[in-house]
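Below are the chains, spelled out letter by letter.
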Amino acid sequence: GGPAERDTDTMDTFMCSSWYHLRYLSPKDGGAAFTQSEYDYWMPVDTYTGGAEHATMHLIYTRFFHKACRDMGIVTGPEPMTQLRNQGQILGPDGQRMSKSRGNVIDPDEQVRKYGADTVRAYLMFGYRWAEGGPWNTDNIQGVVRWIYRVWGLGAESGAAGSPSEAETKALRRVTHQTIARVTEDFDRFEFNTIVAALMEFTNALYKAREACQGSVAWDEAVSTLLLLAAPVAPHVTEELWAQRGKPYSIHQQAWPVADAEAARQDFVAVPVQVNGKLRDRILIAPDASEADALAAAAASVKVAQATQGAQPKRVIYVAGRLLNIVV
């Protein structure tokens, strides 16, 4: 019989979390759960990431809500999300789950103070496969520290312009566009560790080409590409270097680089040659060389000739640019 205030928030949190992605579309719409035009633009969710336990709890409820709302005519489509990615867990240095009682907790704030946010972020991407995780390794982060410094060295310098030859320019553009293709594909596959590995290889290639190519159009393209590809990995360092190079603000608002297939194409590739399934030699041929061209190149190999002893092939297995197997 005393004064009281009604509590209208009595529903379980799973109720709210089962449709929050819809309310996020238009949270200030006072007349509907969501604005239809926003739903048409954003839904379904491209990728959902979370721990594996979400698949047996939250996502079951979310999918149930979506399908119920679909049957009621509120939403459309069979699923609220089109892709699920479960991430692994970063363990303590001892390989166990981090726990205060075990004394194996790594404080991320302390690591950021010591190495910087970009280095810690890049290490978390480089040190583990996204879906697997693994133990924290203080020694391994040093490789990422060195890489960040090398990227800074390339982006911040403005040395004397070189005069690269046509071949040197072509080689630089080749590795640039090969890296674009590799990194773009690995982002689609959530293979973040191989992204950083590819960027490290690209950085090494730029240091080798620096003396000959610095100051050229191809060099500016290569360094700009390195910063753009590294921006999701090291957002602060790349933003600063992008600004120092006089590029338009912000690096995170620029178009993603697109690989030029012709520029990325290798002039020659080393193709292993097998005779009756045993490796005998490697031949240098064009990546798209025909089977006849590959056989002709193999015929000129002394090692292949010794293995076949003049016998005519009974069968040829050829995978362009990758393998030639001669059965005699």
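What counts, and at which threshold
- Residues numbered from 1 in each chain as written.
- Predicted model: local features only at pLDDT ≥ 70, side-chain atom pairs only at ≥ 80, totals over all residues.
- Heavy atoms only, no water.
- Pairing = 2+ DSSP bridges.
- Helix = DSSP H or I, 4+ residues; strand = E, 2+ residues; numbered from the N terminus.
- Axes fitted to C-alpha atoms, helices over the stretch in contact; angles between N-to-C directions.
- pLDDT = per-residue confidence, 0-100.
- Salt bridge = Lys/Arg side-chain N within 4 Å of Asp/Glu carboxyl O.
- Buried < 20%, exposed > 50% of the residue type's maximum accessible area, 1.4 Å probe, protein only.
- Disulfide = S-S within 2.5 Å.
- Core = buried A, V, L, I, M, F, W, Y, C linked by side-chain atoms within 4.5 Å.
- Expected span 1.5 Å × (residues − 1).
- Bend = angle between axes of the 7 residues up to and from the residue.
- Contact = heavy atoms within 4.5 Å.
- Parallel < 35°, antiparallel > 145°, perpendicular 65-115°, else oblique.
- Nonpolar A, V, L, I, M, F, W, Y, C, P; charged D, E, K, R; others polar.
- 1 Å grid on protein atoms, 1.4 Å probe; cavity = no way out; pocket = protein on both sides within 12 Å on 5 of 7 lines; lining within 4 Å.
- Points joined across faces, edges and corners; volume = space filled by probe spheres on them.

1. Here we look at the sheet that holds strand β5 (residues 269-275)
Link 1 in the chain: Taken in spatial order, the 4 strands line up as β6-β5-β8-β7 in an open sheet, and their pairing is mixed. Each end of this open sheet is capped by a strand with a single partner; those strands are β6 (278-285) and β7 (315-319). Neighbour-to-neighbour, the strand axes of this sheet turn through a mean angle of 20 degrees, independent of strand direction.
Link 2 in the chain: In the sheet, β5 pairs with strand β8 (residues 323-327) via 3 bridges, with the strands oriented parallel.

2. Quick notes on the confidence of the model for the protein chain
Link 1 in the chain: Overall, the prediction assigns the protein chain a mean pLDDT of 91, with 99% of residues at 70 or greater.
Link 2 in the chain: Within the protein chain, helix α11 (residues 235-244) carries the highest mean pLDDT (97), whereas helix α1 (residues 13-17) carries the lowest (84).

3. Quick word on the pattern of salt bridges
Link 1 in the chain: The tally for this structure, following the rule as stated, stands at 12 salt bridges.
Link 2 in the chain: The residue Arg-129 makes a salt bridge to Glu-191 at a minimum N-O spacing of 2.5 Å. Taken together, the residues span a long stretch of sequence, with Arg-129 in the loop between α6 (117-126) and β4 (133-135) and Glu-191 in the loop between α8 (166-188) and α9 (192-213) at a distance of 62 residues.
Link 3 in the chain: For Glu-191, a relative accessible area of 12% gives the class buried.
Link 4 in the chain: With a shortest N-O distance of 4.0 Å, Arg-189 and Glu-185 are connected by a salt bridge.
Link 5 in the chain: Within this structure, Arg-63, Lys-67 and Glu-79 form a network of salt bridges that share partners.

4. Some remarks on the state of the cysteines
Link 1 in the chain: Scanning the entire structure with this criterion turns up 0 disulfides.
Link 2 in the chain: Cys-69 supplies the cysteine sulfur nearest to Cys-16, a cysteine that is in no disulfide, at a spacing of 13 Å.
Link 3 in the chain: Its relative accessible area of 17% is what places Cys-69 among the buried residues.

5. Details of the nonpolar core
Link 1 in the chain: Formed by 45 residues in total, the largest nonpolar core has its most connected members in Trp-147, Leu-172, Leu-199, Leu-206 and Val-233.
Link 2 in the chain: Every element with two or more residues in this core is listed here: α6, α7 (141-156), α8, α9, α10 (217-230) and α11.
Link 3 in the chain: Element by element, the count of residues in this core is highest for α9, at 10 residues.
Link 4 in the chain: Membership of the second largest hydrophobic core comes to 13 residues, among which are Val-271, Val-275, Ile-285 and Ala-298.

6. Quick word on unusual backbone geometry
Link 1 in the chain: Along the chain, Met-43 connects to Pro-44 via a cis peptide bond; the corresponding omega equals -5 degrees.
Link 2 in the chain: Relative to the helices and strands, Pro-44 resides in the loop between α3 (36-42) and β1 (48-50).
Link 3 in the chain: One non-glycine residue, Phe-190, adopts positive backbone phi at about 60 degrees.
Link 4 in the chain: The residue Phe-190 is located in the loop between α8 and α9 in this model.
Link 5 in the chain: We classify Phe-190 as buried; its relative accessible area is 15%.
Link 6 in the chain: Of note, Asn-276 is a non-glycine position whose phi angle comes to about 55 degrees, a positive value.

7. Digging into α9
Link 1 in the chain: The terminal C-alpha atoms of α9 lie 29 Å apart, and with 22 residues this matches the ideal 32 Å at 1.5 Å per residue to within 8%.
Link 2 in the chain: Bending of α9 peaks at approximately 30 degrees at the position of Tyr-207.
Link 3 in the chain: Residues of α9 that are buried include every one of Phe-192, Asn-193, Ile-195, Val-196, Ala-198, Leu-199, Met-200, Phe-202, Thr-203, Leu-206, Ala-209 and Cys-213, and no others.
Link 4 in the chain: In this fold, the buried residues of α9 make contact with α6, α7, α8 and α10.

8. Some details on the packing of helix α5 (residues 108-115) against α6
Link 1 in the chain: In the contact formed by α5 and α6, the axes pass within 7 Å of each other and the chain directions differ by 120 degrees. Here α5 lies oblique to α6, going by the angle between them. Contact residues: α5 offers Gln-111, Val-112 and Tyr-115, while α6 offers Ala-117, Thr-119 and Val-120.
Link 2 in the chain: Of the residues contributing to the contact of α5 with α6, the split by class is 4 nonpolar, 2 polar and no charged.

9. Re the layout of surface pockets
Link 1 in the chain: By volume, the largest pocket amounts to about 180 Å³.
Link 2 in the chain: If you trace the largest pocket, you find it lined by Gln-87, Gly-88, Ile-90, Arg-121, Leu-124, Met-125, Tyr-128, Arg-129, Trp-130, Gly-133 and Phe-192.
Link 3 in the chain: Of all the elements, α6 adds the most residues to the lining of the largest pocket, at 3 residues.
Link 4 in the chain: Taken together, the residues that form the lining of the largest pocket break down as 6 nonpolar, 3 polar and 2 charged.

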